[in-house]
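Structure at a glance
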There are 4 protein chains.
Amino acid sequence: MLIVMKAHASEEQVRGVCQKIESLGLRPHSIPGSQRTAIGITGNEMELDPGIFDEMPGVQEVIRVSKPYKLVSRDLKEENTVIRFPGTDATFGGNEVAVIAGPCAIESREQALATAERVAKAGAKFFRGGAYKPRTSPYSFQGLAEDGLKILAEVRDRYGLLIVTEAIDNESLDLVEKCADVIQIGARNMQNFSLLKRAGKARTPVLLKRGMSATVEEFLMAAEYIMSEGNYNVVLCERGVRTFADHTRNTLDLSVVPAVQRLSHLPIIVDPSHGTGKRNKVTPLSRAAVAVGADGLIIEVHPDPDRALSDGKQSLYPEQFDELMVEIRQIAGVLGRTVANPVANPGARRTSPVAATAAGSAAAR
Amino acid sequence: MLIVMKAHASEEQVRGVCQKIESLGLRPHSIPGSQRTAIGITGNEMELDPGIFDEMPGVQEVIRVSKPYKLVSRDLKEENTVIRFPGTDATFGGNEVAVIAGPCAIESREQALATAERVAKAGAKFFRGGAYKPRTSPYSFQGLAEDGLKILAEVRDRYGLLIVTEAIDNESLDLVEKCADVIQIGARNMQNFSLLKRAGKARTPVLLKRGMSATVEEFLMAAEYIMSEGNYNVVLCERGVRTFADHTRNTLDLSVVPAVQRLSHLPIIVDPSHGTGKRNKVTPLSRAAVAVGADGLIIEVHPDPDRALSDGKQSLYPEQFDELMVEIRQIAGVLGRTVANPVANPGARRTSPVAATAAGSAAAR
Amino acid sequence: MLIVMKAHASEEQVRGVCQKIESLGLRPHSIPGSQRTAIGITGNEMELDPGIFDEMPGVQEVIRVSKPYKLVSRDLKEENTVIRFPGTDATFGGNEVAVIAGPCAIESREQALATAERVAKAGAKFFRGGAYKPRTSPYSFQGLAEDGLKILAEVRDRYGLLIVTEAIDNESLDLVEKCADVIQIGARNMQNFSLLKRAGKARTPVLLKRGMSATVEEFLMAAEYIMSEGNYNVVLCERGVRTFADHTRNTLDLSVVPAVQRLSHLPIIVDPSHGTGKRNKVTPLSRAAVAVGADGLIIEVHPDPDRALSDGKQSLYPEQFDELMVEIRQIAGVLGRTVANPVANPGARRTSPVAATAAGSAAAR
Amino acid sequence: MLIVMKAHASEEQVRGVCQKIESLGLRPHSIPGSQRTAIGITGNEMELDPGIFDEMPGVQEVIRVSKPYKLVSRDLKEENTVIRFPGTDATFGGNEVAVIAGPCAIESREQALATAERVAKAGAKFFRGGAYKPRTSPYSFQGLAEDGLKILAEVRDRYGLLIVTEAIDNESLDLVEKCADVIQIGARNMQNFSLLKRAGKARTPVLLKRGMSATVEEFLMAAEYIMSEGNYNVVLCERGVRTFADHTRNTLDLSVVPAVQRLSHLPIIVDPSHGTGKRNKVTPLSRAAVAVGADGLIIEVHPDPDRALSDGKQSLYPEQFDELMVEIRQIAGVLGRTVANPVANPGARRTSPVAATAAGSAAAR
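A quick note: this is a predicted structure, and the numbers were derived from the prediction, not measured.

Attention now moves to the overall build of chain A. When helices and strands are tallied, chain A shows 12 helices and 14 strands. In terms of overall dimensions, chain A has C-alpha extents of about 65 × 50 × 45 Å along its principal axes. Among the 365 residues that make up chain A, the fraction classed as buried is 59%. The long-range share in chain A, meaning contacts at least 24 apart out of those at least 6 apart in sequence, stands at 69%.

Attention shifts here to the sheet that holds strand β2 (residues 27–32) of chain D. Residues and elements named next belong to chain D. Strands sit in the order β2-β3-β1-β4 across an open sheet of four strands; the sheet is antiparallel. The open sheet terminates on both sides in strands that have one partner only, identified here as β2 and β4 (59–63). Taking the axes of each pair of neighbouring strands and ignoring which way they run, one obtains an average angle of 20° across the sheet. As judged from the four bridges shared by strand β1 (residues 2–5) and β4, these two strands associate in the antiparallel manner.

Attention now moves to the relation of the copies chain B and chain A. With an RMSD of 0.0 Å, the operation that places chain B on chain A is a rotation of 180° combined with a shift of 0.0 Å along the axis. Considering both components of the superposition, the chain copies are consistent with a two-fold axis. Residue A288 of chain B of chain B places its C-alpha closer to the rotation axis than any other residue of that unit, at 2.0 Å. Residue by residue, 100% of the interface of chain B is reproduced at the interface of chain A, so both copies engage with the same surface.

Turning our attention to helix α7 (residues 216–228) of chain D. All names here are of chain D. In this model α7 runs 18 Å from its N-terminal to its C-terminal C-alpha over 13 residues, within 8% of the 18 Å that 1.5 Å per residue would give. Burial runs high along α7: 11 of the 13 residues are buried. Of the positions making up α7, those classed as buried are V216, F219, L220, M221, A222, A223, E224, Y225, I226, M227 and S228. On its buried side, α7 packs onto β3 (37–42), α6 (193–201), β11 (206–209), β12 (234–238) and α8 (256–263). Looking one or two residues past α7, G230 carries a phi angle of roughly 110°, positive in sign.

Hydrogen bonding along the main chain pairs the strands of a sheet, whether they run parallel or antiparallel. Residue and element names in this part refer to chain C. Across the sheet, which stays open at both edges, the four strands sit in the order β2-β3-β1-β4 with antiparallel pairing between neighbours. The outermost strands of the open sheet, each flanked by one partner alone, are β2 (27–32) and β4 (59–63). Taken pair by pair, the neighbouring strands of this sheet meet at an average axis angle of 20°, ignoring direction. Relative to strand β3 (residues 37–42), strand β1 (residues 2–5) runs antiparallel, the two being bridged by three bridges. In the strand pairing of β3, I3 is matched with I39.

In this section: the interface of chain B and chain A. In this complex, chain B contributes 32 residues to the contact, which on the side of chain A involves 32 residues. Contributions of two or more residues to the side of chain B that touches chain A are made by α8 (256–263), α10 (279–292) and α11 (318–334) of chain B. With eight residues, α10 of chain B is the largest single contributor of residues to the side of chain B that touches chain A. Looking at side-chain class alone, the side of chain B that touches chain A contains 16 nonpolar, 11 polar and five charged residues.

What follows concerns the nonpolar core. By size, the foremost hydrophobic cluster in this structure holds 461 residues, and its most contacted members are L208 of chain A together with L208 of chain C. Ignoring any residue separated from it by four or fewer positions in sequence, one finds L208 of chain C in contact with I185, M190, A222, A223, I226, V234, V235, L236 and C237 of chain C.

Bringing unusual backbone geometry into the picture now. All names here are of chain C. Residue A145 is not a glycine yet carries a positive backbone phi of 55°. In this fold, A145 is placed in the loop between β8 (126–128) and α4 (146–159). Assessed through the 14 C-beta atoms surrounding it within 10 Å, A145 is described here as partly exposed.

Calculation notes
- Residues numbered from 1 in each chain as written.
- Chains lettered and ligands numbered in written order.
- Predicted model: local features only at pLDDT ≥ 70, side-chain atom pairs only at ≥ 80, totals over all residues.
- Helix = DSSP H or I, 4+ residues; strand = E, 2+ residues; numbered from the N terminus.
- Buried ≥ 20, exposed ≤ 12 C-beta atoms within 10 Å, placed from the backbone.
- Contact = placed C-beta atoms within 7 Å.
- Pairing = 2+ DSSP bridges.
- Axes fitted to C-alpha atoms, helices over the stretch in contact; angles between N-to-C directions.
- Least-squares fit on C-alpha atoms with pLDDT ≥ 70 in both.
- Expected span 1.5 Å × (residues − 1).
- Nonpolar A, V, L, I, M, F, W, Y, C, P; charged D, E, K, R; others polar.
- Core = buried A, V, L, I, M, F, W, Y, C linked by C-beta atoms within 7 Å.

This is the structure we're talking about:
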């Protein structure tokens, strides 16, 4: 059930409805929009009588939601969610197409800093790099763990890049939460419901990757798990699905972008690196992702891909990334969107985004 | 095996090599390029000794081809194949992104002419419309057959549009060949090898749609069937593949465009109408298809989609098609390509493309 | 629409209803059951008023059919269809699990006769072997064509085996129809509707293989195409579908057997040779197919698989086939079904099944 | 790398090799076989020189393993792994086909005990029932948690059934480990590597379900994660994969059973309840699973499926389960295997399997 407040409902009236919901043993989720506030209800609301709220002051309408997801739905919030990172002008879901770039895994301080400088200069505002790597084999490189997180902190400090890095279990999430600006949940964990709930208790935005064979409904329900715990800053990410096709590592399903945008207010970005698994296809599919209307891209870039400890084949050379940024900037322009410009001296951008993020996440809610 | 002639090899030298091949019971396929001519050999060439050709006059190099496809391969022809339609400036594989538009099926003269006028004005140079419809149910509308072909002839005559229409068996191909500028082979017939061979004997270009679960190799081998019979004007078409995903009718696999372009010199276009099955996804996926580098689009447009006898849900309203053309024109510009401009009075374009096509197909070879 | 006649309706009453249907421009399909006759109606029956038939003599009930398929449906015919081959005791859909065995392609008289002798001795009543082969590459062995059909005729004559062989287009179907006891339509042609209609005009039973990515509804609709033209003797065949899984050539979908048996009265058999593509998996999956309730098996057997011109990797050695027959005979027993016993001297079985078949097909209708 | 000891190598010699491996910073996995012991090495063994071990006393052969999995491989251990539960005669991987039965979720003490009595009487030796349920929606019934575990303990105590129940994160695994005889890891967690490692540290056997789109290699690598931590008692379970097919909830891939059995010594069982999602298909597919050679079945049974809180549509009525046991007992017989007989008074079976299991697991290693 969903309660839409009047345009000029007072904060007190919103609070009154929320208290009423809590008194019934349910959980209110108050989502402010530009025009009016909507309040989602989660919990066992089966026998709830809409009449309870109809006549409360400030309530305009009570809506029964038929879809299995509620908080992720456009029924709850018509406008796009824009996730902001205070102290910076970076967003997900705003007019600017967000660009996250960096190596698959943090391998060393040198590798991370070299990559960071290049992608920051090219205009990326977010840096990716795994400290915890979910690998198919127990014998493969599993990431530098906390040492990797320290390197990421230095990357942010030096180049003013916002950090996106993966958590693979509750323990790593505890650490990632303290250090990252965006917590990544990987495709293999899209239905690790325990981890989703833990991410829902974090105050940091979450980047949720679509599972390898997840339907749109399952994908949105995974986001609902996070939101139902109170973290409303979720970015969805298409990264290719598994099909019979063997010319790419996965089959990038770009139609999911407009499909999600119809159903949900959450931003959705695209990962053409995992989506294709081949360096020569990353740039054309990045252009296509921006053209289809994606809110951002996440791209693997490595200074020396042939020696990468993971995913080398799909990592761009830094100069290829420079060109990619030029191309997507033009495509974005056709859709009336922007891609950030190159930055001559990213080091000068050094603010203190860590503290800012905390404030920002709060602001975004 | 593949014989590359010297840059200045004479026609007589090319003929000499071809005669030698024929004398060995094999079939030569002489493919002129901008720099030099290459001669593909098909037939049972297993025990062929390359030395036979090495010393012939005009021969530069003899190459063993390891891939199962030969004539479709970039090994045979490095430059893109450009298919021309003399008497017009329309092409597939040239700098202009080709646009084919029209209804799924020809339902009546009025429906066809109304649609044709609208798409011609918006800039489309090719008109699609099925006279023979492969339908899942024997009880569904199967097309107007020869009456449909007559209507298509009138469309061409009135609006100067080039006609693309489907053949579903040898009998319909006999008739379609006489009337159409491009013979379409549908996805369900991609491995109807008998029909492919028959299409290979036609002198009209062939639009070959990818089968619902065809790998790239199978797709290219299907084109090879057509080419091996002597028809070298094949346009490939991605139309979505079958996967578990249920938010679209099929999963449009845009990565196949750069994959095919690496392996083959043939043009490849995209069908976002069948690829998504939903009207609201046709425009964003059309933008994406042009951005990924497709050589053209085939789009379903219907003046009254809600009453269409087939595929109404995925057909654009004419005004949506107008907007789509504006958007893809801008995207094409970013890639240094063009999309034809609107035409105020397409009726005035009326040349006689029928005769021209016949000549053109010949010229294209 | 479906008209169920009374248990003791006279032939004249049935004829009366059929004539009424024809007078309305529609086509009656009279399907006798053990208890009563049902009459299916095909054609554009949209505006048909059930009241027309309600009061006709002998009519018990008029049923609107909601499913897109009619003639294949259990709504039309509750009992299983049993296809008989007079002059023999072979059936599809009866209590005996039918076994079809033989090489992928007829390569030579010696190869065919040697295989036939072995499979006949082991108990197979049907012999498979392609004279027309649909091959992915135009340069692969395409079958012996009419010479292959002559060899098949000799196989039948010598060993009393019923012949199952594939038709790939209308031309080959004309020839196969004259020679074979069962016309096979391959997976790649499952939606070659023109070929299905042509097969529907034949008087010979048809073995219809499921397409590589066909849903059950599409599979049954393909059978409906054949039946709607008057050929009611259709055997369905599961041969594996295309998925991401790479440990077998295709993924054999055994659940389709009970799924089809719920919806349709037609027999359904399984092809574990194509379904797995690997010799070592043919026997276990054959056991599983019989255990799941399949009405038969089609198995590739080759006297010298390593030199087979096609599908050698999935062909059994004759001695492996002997063992397979022993195992499935026991499994069939658990389900109260039988598998034919070994035959010491299959040559003695030599009746004249050709003539018998023609009569038999008629009888089966 | 893999070190095969001589047939009569002493325990001391085995210990010597293990100590050598540890001294190199690697981990030895000593796997006794009926003839000889093999020692697997895990860790970063890239630069390891086989010569180090060649001349050590008791070493017969040093083998480089090319496959990415080692401990799961038949290269390491040729004989089948048989997992025993001391104090009982139940096994996985032995001659008896193991049967696990019970409700999807533990809903109440009454429901659990009623089901347990029925399945125990029919011959099942293992009881399934989820206390922690991974559900697509955060608003669906998530299981009774610890209360469910208590009910399961009572089930074991009353009916002598061995308990199989799912752990969904490290926290629930801590609890499940104490109570269950087999820890289940669900399909959605097949690549939750953190959970796999934790399960590898448990001393209780693990039932690992195949992920919805996992290849055989990924499936075996997931088992390798568990084994690499020292828990060698892993049972694999096929539960259907995700494909385009819509007649069943998932597509049950029975060919994976012989595929896994070729590559690995681990037992593999089949879940036809999730594999089909439809009650009427569970029995035929159970027969097929036993016929293909599976080492066991896991079946959902519910006393009142229409009121089940989860998976009611695929749960058998107890009487259907009785019949299923009869049918698979006969099929197993054909393969020379057994299925346990009905038990008149399962309560009398009450030993103390808890304590026994702990000993048993140790014995199994």
